[in-house]
Every structure is written in C-alpha cells, then in structure tokens.
Amino acid sequence: MVDASDGTGRAPTAEDATSHGVRGLVVLRGVLVLLFGLAVLVTPGLALLVLISVFAAYALVDGVVAVVLGIRHRGERPGWGWAVAQGVVSVVAGLAAFALPGTAALFFLYVVAFWAIVAGVVTAVSATEVRRHGGPWGWVAGRAVLDVLFGVLLLLWPASGILAMLWLVGTFALAAGVLLLVQAVGSRTHPALG
C-alpha cells in the first residue's frame, strides 16, 4: 500500500520515521529556547535570581563533593588538602550567593568588566606588536578599544550592564529558537541536531 501523505507517492520508510522523530525533537528544542528567551526578556529580575541560584547550588554541591573526596582519599592522594580547601571556598561562595544574590550579581558583573579591560589591554599590546612587524594592526587595535570600553561602561553603569547582559541572553535565545524552528520546518530530510 502506498501512503501519499508526504506528497511523494511512495511508501514511508524507516528513515522517514526517524526524520519525523528528529524533526519533532528539534521543534521541541526550538520552542523551549523561545520560551526561555521570552522568560528572560519579560522577567529579567527573576531570570537573574534563577541564574544566581543555579550558580549557588552548583557551588555548594561542587564544594561538598570536593571536601568529601579530599577527606576520603587523604591517605592515598597527595595534595588532598587543596581539594578540601577548594571545596570550602566553593561552599562559602555558594552560601554567599544564596544569602546575598544582589552582591553575587554585582560580583559577576565586575568579573566580566575587569576581564574585558584586561583582555583589551593585552589585545592592545598585541596590536602594537603586529604593527611593529608591519602587519594589519588596525582591526586588532579596534577590538582592544571595544574591549576596554565595554569593561569601563560596565563599571560605570553596573545596573544597566546586568540588564543589558540579560537582554542579550534573552534575545540570543529568541533568535536561536526561531532558527531551530525554521531548521526543523524547512528541512526536507533530517534536520540537523545542532
């Protein structure tokens, strides 16, 4: 019996069933990413709190596991004390993030800001080296300026920086969700999983 429901007039194959299953999963992924993006854009404060809570929970679990492993294997593992110390630092960071979520958000923002400034300075040094050797240094120098400017702006307006990062995450998630849906619907064969 021929099933013409796909418009080809041929009988469905196992590959068609697999393609349909993959397409369904890609659509599900797209919908979930879209919902995540909308949630971040509509409720950025809640999204930030959830992000901090996930970090805090991870730090606590990671710290406890490191402490337990360090103590449990102290007889056969050199340097076990460092594992315990790292675990204690992780537990303290997790507890601090749960207790002071606003401070944790600012700390994260400052880490990003100082990282951008240091990366910009290093990139500027690289640009001068490229220029000294006669290479195309302009784009490298431009990127250095952008990195430093980004970091300085985050330091000057931290609240706006946090909100901008959340908007960026939300917008990225919306775009990724739309692309996943287009990919699933527009593919004639197996839509790519990635």
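The model shown is predicted, which means the values in this text are computed figures rather than measured ones. (Residues numbered from 1 in each chain as written. Predicted model: local features only at pLDDT ≥ 70, side-chain atom pairs only at ≥ 80, totals over all residues. Heavy atoms only, no water.)

**Topic: the overall build of the protein chain**
No. 1: A count of helical and extended segments in the protein chain gives six helices and zero strands.
No. 2: Mapped in sequence order, the helices and strands of the protein chain form the string α-α-α-α-α-α.
No. 3: Classification of the 194 residues of the protein chain by burial places 25% in the buried group.
No. 4: Within the protein chain, contacts between residues separated by at least 24 positions form 71% of all contacts whose residues are at least 6 apart in sequence.
No. 5: Here the protein chain has roughly 12,900 Å² of accessible surface; of this, 77% comes from carbon and sulfur atoms. (Helix = DSSP H or I, 4+ residues; strand = E, 2+ residues; numbered from the N terminus. Buried < 20%, exposed > 50% of the residue type's maximum accessible area, 1.4 Å probe, protein only. Contact = heavy atoms within 4.5 Å. Areas by Shrake-Rupley, 256 points an atom, 1.4 Å probe, with all protein chains shown as cover.)

**Things to note about the nonpolar core**
No. 1: Counting residues in hydrophobic clusters, the biggest one holds 14 residues, and the most contacted among them are Leu 48, Ile 52, Ala 97, Ala 105, Leu 154, Ile 162 and Leu 166.
No. 2: The greatest single-element share of this core, amounting to five residues, is contributed by helix H4 (residues 101-132).
No. 3: Ignoring anything within four residues of it in the chain, the contact list for Leu 48 reads Ala 105, Ile 162 and Leu 166. (Core = buried A, V, L, I, M, F, W, Y, C linked by side-chain atoms within 4.5 Å.)

**Overview of a nonpolar patch on the surface**
No. 1: Residues Leu 25, Leu 28, Val 31, Leu 32, Leu 35, Leu 38 and Val 42 make up a contiguous nonpolar surface patch of about 660 Å² in total accessible area.
No. 2: Mapped onto the elements of the fold, Leu 25 is located in helix H1 (residues 14-42). (Patch = residues over 30% accessible without salt bridge, like charges linked within 9 Å, V, L, I, M, F, W, Y side chains within 5 Å. Salt bridge = Lys/Arg side-chain N within 4 Å of Asp/Glu carboxyl O.)

**Some points on the UniProt feature "transmembrane region" (unreviewed entry) in the protein chain**
No. 1: UniProt feature "transmembrane region" (unreviewed entry): in the numbering of this structure it lies at residues 21-42, 48-71, 80-100, 106-125, 137-156 and 162-182.
No. 2: Here residues 80-100 runs as 95% helix and 0% strand, with 30 Å between its end C-alpha atoms.
No. 3: Secondary structure within residues 162-182 divides into 100% helix and 0% strand; the distance between the first and last C-alpha atoms comes to 30 Å. (UniProt positions renumbered as here; feature names shortened; annotations may be inferred.)

**Considering helix H6 (residues 158-186)**
No. 1: If you check H6, its first and last C-alpha atoms are 41 Å apart, about what 29 residues at 1.5 Å a residue would give, namely 42 Å.
No. 2: Burial in H6 covers these residues: Pro 158, Gly 161, Ile 162, Leu 166, Gly 170, Ala 173, Gly 177, Leu 180 and Ala 184. (Expected span 1.5 Å × (residues − 1).)

**Concerning the side chain of Ser 90**
No. 1: Topologically, Ser 90 is positioned in helix H3 (residues 80-99).
No. 2: A residue is classified by how much of its surface remains accessible, and Ser 90, at 12% relative accessible area, is buried.
No. 3: For Ser 90, the side chain forms a polar contact with the side chain of Asp 62, separated by 3.4 Å.
No. 4: Apart from the residues lying within four places of it in its own chain, the contact partners of Ser 90 are Ala 59, Leu 60, Asp 62 and Gly 63. (Polar contact = N/O pair within 3.5 Å; in protein donor to acceptor, adjacent residues only side chain to side chain.)

**Observations concerning the packing of H4 against helix H5 (residues 138-156)**
Any two packed helices are characterised by how steeply their axes cross, that is the angle between the axes, and by the distance between the axes.
No. 1: Relative to each other, H4 and H5 sit at 155 degrees, their axes nearing to 7 Å. One way to sum up the angle between H4 and H5 is to call them roughly antiparallel. Crossing angle aside, the handedness with which H4 passes H5 is left-handed.
No. 2: Of the residues assigned to the contact of H4 with H5, the class counts are 19 nonpolar, four polar and two charged. (Axes fitted to C-alpha atoms, helices over the stretch in contact; angles between N-to-C directions. Parallel < 35°, antiparallel > 145°, perpendicular 65-115°, else oblique. Left-handed = near helix turned anticlockwise from the far one by under 90°. Nonpolar A, V, L, I, M, F, W, Y, C, P; charged D, E, K, R; others polar.)

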